[in-house]
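# Structural features, examined
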Amino acid sequence: QVQLVESGGGLVQPGGSLRLSCVASGSIRIIGTMGWYRQAPEKQRELVATITSGGVTNYADSVKGRFTISRDNAKKTVFLQMNSLKPADTAVYYCNADLSTTGWALKAYWGQGTQVTVSS
């Protein structure tokens, strides 16, 4: 059974930093694109950043220059370094990964989410 487990969320003051991690476990044969999404109260889930297996990254305009996504393929882990945090970044952050357990078609998996709160 495949699982994505996030960690690193918490409460931080405006201007502060947090680093999120997400580890994939289970009978995984292929890991494709991995990414982070977030959902604030009463808002739809939105893309934050993605990174392909080859390291190509994509960011939402709202986080460009402040957030950095990276991955360690050997450890099946994706990271999100968040700097210069703003109250508007407050949300539940979800890890997403396109995985295959068979070596064939990729399927999207989601983590349970980790809360990030930016407040003074």
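Refer to the structure printed above.
All of the points below concern the structure found in this document. (Residues numbered from 1 in each chain as written. Predicted model: local features only at pLDDT ≥ 70, side-chain atom pairs only at ≥ 80, totals over all residues. Heavy atoms only, no water.)

Turning our attention to unusual backbone geometry. For glutamate 42, which is not glycine, the phi dihedral falls at a positive 65°. Along the chain, glutamate 42 falls in the loop between strand E4 (30–39) and strand E5 (46–51). (Helix = DSSP H or I, 4+ residues; strand = E, 2+ residues; numbered from the N terminus.)

Moving on to the packing of aromatic side chains. All chains considered together, the criterion is met by one aromatic pair. Ring centres of tyrosine 37 and tryptophan 110 lie 5.0 Å apart, and the angle between their planes is 65°; on these two criteria the pair is classed as edge-to-face. Of this pair, tyrosine 37 sits in strand E4 while tryptophan 110 sits in strand E10 (residues 107–110), and the two are 73 residues apart along the sequence. On the basis of relative accessible area, tryptophan 110 is assigned to the partly exposed category, the value being 37%. Above the plane of the ring of tyrosine 94 lies arginine 45, whose end atom (NZ or CZ) is 3.7 Å from the centre. Between arginine 45 and the ring centre of tryptophan 110, over which it is positioned, the NZ or CZ distance is 4.7 Å. (Phe/Tyr/Trp six-rings, centres within 6.5 Å; stacked < 30°, edge-to-face > 60°. Buried < 20%, exposed > 50% of the residue type's maximum accessible area, 1.4 Å probe, protein only. Lys NZ or Arg CZ within 6 Å of the ring centre and 35° of its normal.)

Attention shifts here to the environment of glycine 15. With respect to the helices, strands and loops of the structure, glycine 15 is situated in the loop between strand E2 (10–12) and strand E3 (18–25). With residues near it in sequence (within four places) discarded, glycine 15 still touches Ser84 and Leu85. (Contact = heavy atoms within 4.5 Å.)

Bringing the pattern of salt bridges into the picture now. What the rule picks out here adds up to four salt bridges. Here arginine 38 makes a salt bridge to aspartate 89, at a shortest N to O gap of 3.0 Å. In this pair, arginine 38 is assigned in strand E4 and aspartate 89 in the loop between strand E8 (77–82) and strand E9 (91–100), connecting sequence segments 51 residues apart. Both residues of the pair, arginine 38 and aspartate 89, count as buried. Residue aspartate 89 pairs with arginine 66 through a salt bridge whose shortest N-O separation is 2.8 Å. Here aspartate 89, found in the loop between E8 and E9, pairs with arginine 66, found in the loop between strand E6 (57–59) and strand E7 (67–72); they are 23 residues apart in sequence, far enough to count as distant. Across the pair, exposure class does not vary: aspartate 89 and arginine 66 are buried alike. Taken together, the shared-partner salt bridges connect Arg38, Glu46, Arg66 and Asp89 into one network. (Salt bridge = Lys/Arg side-chain N within 4 Å of Asp/Glu carboxyl O.)

Glancing now at the pairing of E7. In summary, the side chains of a regular strand alternate between the two faces of the sheet. Side chains Phe67, Ile69 and Arg71 project from E7 onto a buried face, and the interleaved Thr68, Ser70 and Asp72 project onto a face without burial. The sheet contact formed by E7 and E8 spans six bridges and is antiparallel. Paired with serine 70 across the strands is phenylalanine 79, a residue of E8. (Pairing = 2+ DSSP bridges.)

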